[in-house]
Amino acid sequence: MTTLLATERIKLFTTRSPWWSAFLALGLTIGFAALVGLNHNGGPLTVEHSQFGMQFGLMVVSVMAALAITTEYRFATIRATFQAVPKRTSVLVAKTAVVAVLAAVIGEVAAFGSWVTTYAIDGGPEMAITTGADWRMVAGVGLVYAIASVISVAVGTLVRQSAGAISILLIWPLLVENLVQLIPGIGDDIHDWMPFTVAGRFLNGTGPDAPMGPWASLAYFAGVAAVLLVASLVVANKRDA
Amino acid sequence: MTLLAVERIKLFTTRSPWWCTLIALVLTIGFGALMAGTSDEAIAPLNVAATQFGYGFGLVVVMVMATLAITTEYRFSTIRATFLAVPNRPSTLVAKATVVAVLAAVVGEIAAFGSWGIAGAIKPNVDLAINTAYEWRAVAGVGLVYALSAVVAVAVGVLIRHSAGAIAVLLIWNQLVEPLVQLIPRVGDDIHKWMPFNIANKLVTGNPDPTTRDVLQGPPPSDAVLGPWPAIGVFAAFAAVLLGIAIVVANRRDA
Amino acid sequence: MIEAVGLTKSYGKTLAVDNLSFSVPTGRVTGFLGPNGAGKSTTMRMILGLDTPTGGSALIDGKRYRDLHQPLRTVGALLDAKWVHPNRSARAHLQWLARSNKLPAKRVDEVLEIVGLTAVAGKRAGGFSLGMSQRLGIAAALLGDPQVLLFDEPVNGLDPEGILWIRKFMHRLAEEGRTVFVSSHLLSEMALTAQELVVIGRGKLISQSSTEDFVAQATENTVLVRGPQLGHLRTALGQAGASVRDEGAGLVVSGMDCADIGELAARTQTVLHELSPQRGSLEEAFMQLTGDSVEYHTEIADAPTPATLVPAGK
């Protein structure tokens, strides 16, 4: 497995898209933190303010993770890959792991970078990371990015096309999850179980109506990712490369 | 005219426009049906605006379709064949934008009236007559917004040339940047009022005269300061400028 | 040794490969010949475990490809030179491949040297010409120093220099005692490269034999007869049961060998200027065998004189 991890690491970092994505994700998150910090008035800056750009970074990381697999299909290097290592499950798990680790690192750097930026602008006591909720809000970003990237790789494997995978991965959290709660009657109940909504509750607190606590929320999000990953593995094994 | 025919043939001889059209219609009309079916006089009464609940879904799908119409030309290098056949690049790109916009408009109108019609069929007792100017804009305006958004998408596609990049930019802009920008303290609201898609939405959701509705029903109301028609004019100008930039770039660039 | 047994692949109702059985002997160059669309690439993908056969199996040294441990050490393959990420350097492409099969990193530089790409190893593979891409593909195939090598249409689209290079390369691999399985739709190319031939058409096996036997069996052997006065001989040949047609000033005789024709000429007192056996060309043999199984007939291919053998392209 270490061999496969090293293989996938080489593959990921010898193309340009992960570098661009990391750069963009950090620029957006930290940039928005600075923008919010500088324009803030009325009340002290809080930890929550510093994480304003979290969702931007999340979308960029999702795109990066999806491209990590869809470009393999796009350029048919997936065939070279499966030719070199016919155990497709191991290959895809290794790829997912490498992408998830990168996503986690980007998430942590983005979150703490944003926090440091706002802290430098106005470091009051509200900016201190003290409670468990504070820690989840900042340090949790890496976990959410990592799990989201697993979902992206799984969707990318299933769809195989960059355009389709990215459309799904952006439209789902940005549009479907939000609009679904507007359906009269049942909307709110469905919304409570939408994966990215649940992941958001892990970061930003669960509120009174949430069906799960923060860590259960994260576990649920991870469960969704695991199910998608398994589905993609089954399909990739059955399908002609 | 020839160029329009050429672009029409190109567009309809690939599968993605058909798929996108189908998805856009299913989503919008499906959500219209869902809203009608689950509506309740007491809590969430049905009205004309609420039938257009799926407007946002249709918009993003149409933009994806419009983007792919040009990025797949770069992807498969058919753009070179295109420029070989018709070296006048501005005319070609304008023709493509036109054809895509017309398709987007048709999809928009079918989606809007389809959603409205299915809602009426599900709840025949609810008064869904389109009477006021607002109600007309809320339904018939959808096609116009889709068409102009398609032009924006084609322009972005020409500039970026990669499906993944162009789609990511358009969707993240439309769905994330515009809504989130208003959360920036102090200046956020003022910036948001001038965001292009927010302005475009003014046509469909602006000035809700007598039919007061729940804010959450139907597409969320735009807070643009312009009136509905000036707003769509500004959005059209925005689309035209983007297309102009795209044409200049495509003209200078090696195909 | 590659062995295909009852290999079948269907896409919906279309049978791309139909109950195909053949074996590729160890230590020789075996050509895999068939017109475009005959199912050569699909067969190769099934041998390499990329596509799952609908029926039958393909084994390499008795094992399915997917069961090979570190397969690049056993089998090297070049199916399509463009299966490379355009923004990755040639060296990086080989590096990840090497790493995946635990091959030493220095092997990357060795194969780059072998194919002559050392100078451009750091360049984007997307900017490579077809010839360079082909070399990179061969470098990838050689990475694990495998005993079995598969190439799909390796000379397609190459310039004469590139073709010559590939041809020499194949011979070198064979001299090293490796098993080489190479597909082509160009019989003339195969005649120069392959000792054995597996010929397919429309997914079905047409023949498996040595290249010589294939040509001997498939071509109609004729004798060319030239002379100033052939009228009597012509009649005599007809009476003896041979079939004769005119070609220019001479006759082309089939169904009778040189010795019999010579004796007949002596008996009819015919002066001969030439009496020579005509070996059928490879192209003729190929056309004769696969004539019914070309998927897309063209006007040119249907013409009586197959000067241009196969439509260009893959």
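Criteria and thresholds
- Residues numbered from 1 in each chain as written.
- Chains lettered and ligands numbered in written order.
- Predicted model: local features only at pLDDT ≥ 70, side-chain atom pairs only at ≥ 80, totals over all residues.
- Heavy atoms only, no water.
- Helix = DSSP H or I, 4+ residues; strand = E, 2+ residues; numbered from the N terminus.
- Buried < 20%, exposed > 50% of the residue type's maximum accessible area, 1.4 Å probe, protein only.
- Areas by Shrake-Rupley, 256 points an atom, 1.4 Å probe, with all protein chains shown as cover.
- Core = buried A, V, L, I, M, F, W, Y, C linked by side-chain atoms within 4.5 Å.
- Contact = heavy atoms within 4.5 Å.
- Pairing = 2+ DSSP bridges.
- Right-handed = clockwise from strand over helix to strand, strands pointing away.
- Buried area = accessible area lost by both parts, 1.4 Å probe.
- Salt bridge = Lys/Arg side-chain N within 4 Å of Asp/Glu carboxyl O.
- Axes fitted to C-alpha atoms, helices over the stretch in contact; angles between N-to-C directions.
- Parallel < 35°, antiparallel > 145°, perpendicular 65-115°, else oblique.
- Left-handed = near helix turned anticlockwise from the far one by under 90°.
- Nonpolar A, V, L, I, M, F, W, Y, C, P; charged D, E, K, R; others polar.
- Domains from an automatic or database assignment.
- UniProt positions renumbered as here; feature names shortened; annotations may be inferred.
- Polar contact = N/O pair within 3.5 Å; in protein donor to acceptor, adjacent residues only side chain to side chain.

Just give me the short version of the overall build of chain C, but keep the residues and values in it.
Of regular secondary structure, chain C possesses 11 helices and 13 strands. Residue burial in chain C is summarised as follows: out of 314 residues, 51% are buried. By element, 51% of the accessible surface of chain C is carried by carbon and sulfur atoms, the whole surface being about 14300 Å².

Explain the nonpolar core to me, and be specific about the residues and the numbers.
Burial of nonpolar side chains together is a common tendency in soluble globular proteins. Within the largest apolar cluster, 234 residues are counted, with the highest numbers of intra-cluster contacts made by I166 and L170 of chain A together with F22, L94, L150, F151 and F181 of chain C. Sequence-distant contacts of L150 of chain C, defined by excluding residues within four places in its chain, comprise I2, M44, I47, L48, V75, G76, A77, L78 and F181 of chain C. In terms of nonpolar packing, the next biggest core, distinct from the first, is built from 13 residues, L230, L237, M256 and L264 of chain C among them.

Tell me about the pairing of strand 7 (residues 179-184) of chain C, and please be specific about residues and values.
All names here are of chain C. Across the six residues that make up strand 7, a large majority, six, are buried. Residues T179, F181 and S183 line one face of strand 7 and the alternating positions V180, V182 and S184 line the opposite face, and both faces are buried. Alignment of strand 3 (residues 29-33) against strand 7, held across five bridges, turns out to be parallel. Each residue of the ladder has a partner; that of F32, found in strand 7, is S183. Examined bridge by bridge, strand 6 (residues 148-152) and strand 7 share five bridges and lie parallel to one another. In the strand pairing of strand 7, L149 is matched with V180. Handedness of the β-α-β unit built from strand 6, helix 5 (residues 160-175) and strand 7 comes out right-handed.

Give me the interface of chain A and chain C: which residues, what numbers.
Every contact between the two is made by 27 residues of chain A and, on the other side, 29 residues of chain C. For the chain A and chain C pair, buried surface summed over both sides reaches about 2600 Å², with 57% attributable to carbon and sulfur atoms. Our count for the chain A to chain C interface comes out at one salt bridge. D240 of chain A is paired through a salt bridge with K9 of chain C; the nearest N and O atoms lie 2.5 Å apart. Listing elements by their share of the side of chain A that touches chain C, those giving two or more residues are helix 1 (2-13), helix 5 (77-84) and helix 11 (214-238) of chain A. At seven residues, helix 5 of chain A tops the list of elements feeding residues into the side of chain A that touches chain C.

Please set out the packing of helix 7 (residues 133-160) of chain B against helix 11 (residues 228-252) of chain B residue by residue, giving values where relevant.
Residue and element names in this part refer to chain B. Direction vectors running N to C along helix 7 and helix 11 enclose 20°, while the axes themselves pass 8 Å from each other. Comparing the axis directions of helix 7 and helix 11 gives the class roughly parallel. Crossing of helix 7 over helix 11 shows left-handed handedness. When its residues are assigned to classes, the contact of helix 7 with helix 11 shows 22 nonpolar, one polar and one charged.

Any chance you could break down the interface of chain A and chain B for me, citing the residues and the numbers?
Reports often express the size of an interface as the amount of accessible area lost when the parts come together. Across the contact, 27 residues belong to chain A and 29 residues belong to chain B. The contact between chain A and chain B buries some 2600 Å² in all, and 82% of this surface belongs to carbon and sulfur atoms. Taken together, the links from chain A to chain B amount to zero salt bridges. Taken together, the elements giving at least two residues each to the side of chain A that touches chain B come down to helix 2 (17-39), helix 4 (54-74) and helix 8 (162-180) of chain A. Among the residues forming the side of chain A that touches chain B, the class breakdown is 20 nonpolar, six polar and one charged.

Give a detailed account of the domain arrangement of chain C, specifying residues and quantitative values.
Segmenting chain C into domains produces domain 1 (2-74 + 146-217) and domain 2 (221-278). Computed over C-alpha atoms only, the centres of domain 1 of chain C and domain 2 of chain C are separated by 42 Å.

Go over the pattern of salt bridges with me, naming the residues and quoting the values.
The tally for this structure, following the rule as stated, stands at 23 salt bridges over all chains. Notably, a salt bridge pairs K204 of chain C with D18 of chain C, separated by 3.2 Å at the nearest N-O pair. Of the two residues, K204 of chain C sits in strand 9 (residues 204-210) while D18 of chain C sits in strand 2 (residues 14-24), which places them 186 residues apart along the sequence. K204 of chain C sits in the partly exposed class, given a relative accessible area of 47%. Via salt bridges that share partners, E8, K11, E72 and K95 of chain A belong to a single interconnected network.

Lay out the sheet that holds strand 12 (residues 250-254) of chain C in plain terms, naming residues and giving numbers.
Residue and element names in this part refer to chain C. Taken together, four strands build an open sheet; the order of strands is 11-12-10-13 and the sheet is antiparallel. At either end of the open sheet lies a strand with only one pairing partner, and these are strand 11 (243-247) and strand 13 (274-278). When strand polarity is set aside, the average angle formed by the axes of neighbouring strands in this sheet is 25°. Across five bridges, strand 10 (residues 222-226) lies against strand 13 in antiparallel orientation. Looking at strand 13, one finds that V225 is bridged to L275. Sheet contacts for helix 8 (residues 231-239): strand 10, strand 11 and strand 12; angle to strand 11, the most-contacted strand, approximately 150°. Across the sheet, helix 9 (residues 258-267) touches strand 10, strand 12 and strand 13, and the angle it forms with strand 13 is around 160°.

Could you give an account of unusual backbone geometry, with specific residues and numbers?
Keep in mind that most residues, glycine aside, have a negative phi and that most peptide bonds are trans. Phi angles above zero are rare outside glycine, and S77 of chain B is one such case at about 60°. Tracing the sequence through the fold places S77 of chain B in the loop between helix 4 (55-75) and helix 5 (78-85). Given the relative accessible area of 31%, S77 of chain B is considered partly exposed. Notably, E153 of chain C is not glycine yet its phi reads approximately 45°, a positive angle.

How would you summarise the sheet that holds strand 7 of chain C if you had to cite specific residues and measurements?
Backbone hydrogen bonds are what pair the strands of a sheet, in a parallel or an antiparallel way. Residue and element names in this part refer to chain C. Strand order in the open sheet made by the six strands is 5-6-7-3-8-9, with mixed pairing throughout. Each of the sheet's edge strands pairs with one partner strand only, and the pair in question is strand 5 (75-78) and strand 9. Each strand of the sheet is rotated relative to its neighbour by a mean of 15°, with strand direction disregarded. Against the sheet, helix 4 (residues 130-142) makes contact with strand 5 and strand 6, and its axis sits at roughly 165° relative to strand 5, the strand it touches most.

Lay out the packing of helix 2 (residues 16-38) of chain B against helix 6 (residues 89-122) of chain B in plain terms, naming residues and giving numbers.
Residue and element names in this part refer to chain B. Taken N-terminus to C-terminus, the directions of helix 2 and helix 6 make an angle of 25°; their axes are 8 Å apart at the nearest point. With respect to helix 6, the element helix 2 is oriented roughly parallel. The hand of the helix 2/helix 6 crossing is right-handed. Along the contact surface, helix 2 presents P17, T21, A24, L25, T28, I29, G32, A33, A36 and G37, while helix 6 presents L103, V107, I110, A111, G114, S115, I118, A119 and I122. Per-class residue counts for the contact of helix 2 with helix 6 are 13 nonpolar, six polar and no charged.

Which residues make up the UniProt feature "transmembrane region" (unreviewed entry) in chain B, and what values go with them?
According to UniProt, the feature "transmembrane region" (unreviewed entry) maps to residues 18-37, 49-72, 93-118, 138-160, 167-185 and 229-250 of chain B in the numbering used here. As a span, residues 167-185 of chain B carries 79% helix and 0% strand, and end to end its C-alpha atoms are 29 Å apart.

Could you give me a rundown of the side chain of N39 of chain A, with the residues and numbers involved?
Here N39 of chain A is to be found in helix 2. Sequence-distant contacts of N39 of chain A, defined by excluding residues within four places in its chain, comprise I184, P185, R186 and V187 of chain B.

Tell me what's going on with the side chain of T81 of chain A, and back it up with residues and numbers.
Inspection of the secondary structure puts T81 of chain A in helix 5. Separated by 2.8 Å, the side chains of T81 of chain A and K11 of chain A make a polar contact. Not counting residues up to four positions away in its chain, the partners in contact with T81 of chain A are E8, K11, E72 and V91 of chain A together with W96 of chain C.

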